Amino acid sequence: MSLLDQINKAAYARADVVGEYVGADGLFETERVLLARLAPALRGKPLLDVGVGAGRTTRHLLEISDDYTGIDYTPALVEAARRKFPRARLLCRDARDLSPFADESFDFALFSFNGIDYVPHEERLQVLREVRRVLKPGGYFMFSSHNRECEHFNKMPWQTKPRLSAPYVKYCLYCLAHLPKHLRMRRHEVHADEYAVVNDNAHGFSLLAYYISAPAQLEQLRRAGFSSAEAYDMDGHPTARDTRHPWVYYLARK
Ligand SMILES: C[S@@+](CC[C@H](N)C(=O)[O-])C[C@H]1O[C@@H](n2cnc3c(N)ncnc32)[C@H](O)[C@@H]1O
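Asks: Before we go on, may I ask you to explain the pattern of salt bridges in this structure?
Replies: As a working rule, side chains carrying opposite charge can pair if their charged atoms are close by. Inspection of the entire model under this criterion finds 20 salt bridges. Here Asp94 makes a salt bridge to Arg96, at a shortest N to O gap of 2.8 Å. Ionic contacts of the salt-bridge type, sharing partners, join the residues Asp5, Asp94, Arg96 and Glu123 into one network.

Asks: What exactly am I supposed to notice about the environment of Leu176 here?
Replies: Mapped onto the fold, Leu176 is located in helix 7 (residues 166-177). On the accessibility criterion, Leu176 (47% relative accessible area) is partly exposed. For the pair Leu176 and Gly204, spaced 28 residues apart in sequence, the C-alpha separation works out to 11 Å.

Asks: Can you walk me through the environment of Leu173 in this structure?
Replies: Along the chain, the position of Leu173 falls in helix 7. The exposure class of Leu173 is exposed, given its relative accessible area of 54%. Along the backbone, Leu173 and Leu90 are 83 residues apart, and their C-alpha atoms lie at a distance of 39 Å.

Asks: Help me understand the site of the ligand in this model?
Replies: Taken together, 19 residues sit near the ligand, with Gly51, Arg56, Asp72, Thr74 and Ala95 positioned nearest. Side-chain polar atom of Asp72 to an oxygen atom of the ligand: 2.6 Å apart, as the coordinates give it. One nitrogen or oxygen atom from the side chain of Ser112 is found 2.9 Å from a nitrogen atom belonging to the ligand. Within the complex, 99% of the 590 Å² of free accessible area of the ligand lies under protein.

Asks: Honestly, the pairing of strand 4 (residues 106-111) in this entry has me stumped. Any pointers?
Replies: With 6 of 6 residues buried, strand 4 is to be regarded as a mostly interior element. Two strands pair when backbone bridges link them, and strand 1 (residues 47-50) and strand 4 are joined in this way by 4 bridges, in the parallel orientation. The residue bridging Asp49 from the neighbouring strand is Leu110, located in strand 4. For strand 4 and strand 5 (residues 135-147), the ladder comprises 5 bridges, and the chain directions are parallel. The partner of Phe106 across the bridge, within strand 5, is Leu135. Taking the sense of rotation as the criterion, the β-α-β connection linking strand 4, helix 6 (residues 121-134) and strand 5 turns out right-handed.

Asks: Quick question: what am I supposed to make of the packing of aromatic side chains here?
Replies: This structure, assessed with the given rule, holds 15 aromatic pairs. Summarising the aromatic geometry, the rings of Phe28 and Trp247 are spaced 5.1 Å apart at their centres and angled 90 degrees between planes, so their arrangement reads as edge-to-face. Remark: Trp247 occurs in strand 10 (residues 247-253) and Phe28 occurs in the loop between helix 2 (15-22) and helix 3 (29-42); sequence separation between them is 219 residues. The class for Phe28 is partly exposed, based on a relative accessible area of 25%.

The rules behind these values
- Residues numbered from 1 in each chain as written.
- Predicted model: local features only at pLDDT ≥ 70, side-chain atom pairs only at ≥ 80, totals over all residues.
- Heavy atoms only, no water.
- Salt bridge = Lys/Arg side-chain N within 4 Å of Asp/Glu carboxyl O.
- Helix = DSSP H or I, 4+ residues; strand = E, 2+ residues; numbered from the N terminus.
- Buried < 20%, exposed > 50% of the residue type's maximum accessible area, 1.4 Å probe, protein only.
- Near = heavy atom within 4 Å.
- Polar contact = N/O pair within 3.5 Å; in protein donor to acceptor, adjacent residues only side chain to side chain.
- Areas by Shrake-Rupley, 256 points an atom, 1.4 Å probe, with all protein chains shown as cover.
- Pairing = 2+ DSSP bridges.
- Right-handed = clockwise from strand over helix to strand, strands pointing away.
- Phe/Tyr/Trp six-rings, centres within 6.5 Å; stacked < 30°, edge-to-face > 60°.

Quick look at the structure:
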């Protein structure tokens, strides 16, 4: 297992991190917009929820179809999701190996909340290949990913325009408290032409996350064999490239 994998898996298995996901239930705005648009076509069809965590999206996808499968590689999160949704099909599986699922078995796959960003680059490409393999022709893959072109990318708050507000000061203190850990984690960062892997503020600077621009991600999806792909900003609007938001959403079609 790569060091990146070890670091990220250990972070997701932590009790405090599991606890944060257990409380999550609502959809993000772009998820709401895109799922509302896709729901009529997906009614009753097989849906795959990759990196389901503690089941934030489970209820919303079950409202579209009972033919639902959620997977995650973190056993404690799968257990938490099972407690919330005892009747749902929830499996402990890694997105890099979807071999339990036959070719062309799903109409829709979701990898929400940037979950795809926690595997190394080559394995991310493997995830894209696996998701494409299990999708039916014309099937959709929806996910979000960290935005390398965001104006705040890889910056501490004091490296951006300072603001005189309580949340800004609180955030500066949070970053300062974690600075020693961040400086240790930074040794593992990768800055390549196509993407970067950086230690951002998530879960107390505990993760190494993949960041990519919207144009580079769309090109990656094209190379992985998806026939079309669109990018959306965090307000649910189509975007060609985005410098304002920390994530970008993608809707790709096999
Ligand atoms: C940011 S959390 C989001 C959890 C959930 N989707 C949500 O929105 O609350 C990312 C999730 O992806 C899972 N994950 C990351 N890499 C994975 C992989 N290779 N295979 C399966 N799950 C993975 C983690 O265990 C974690 O539950």
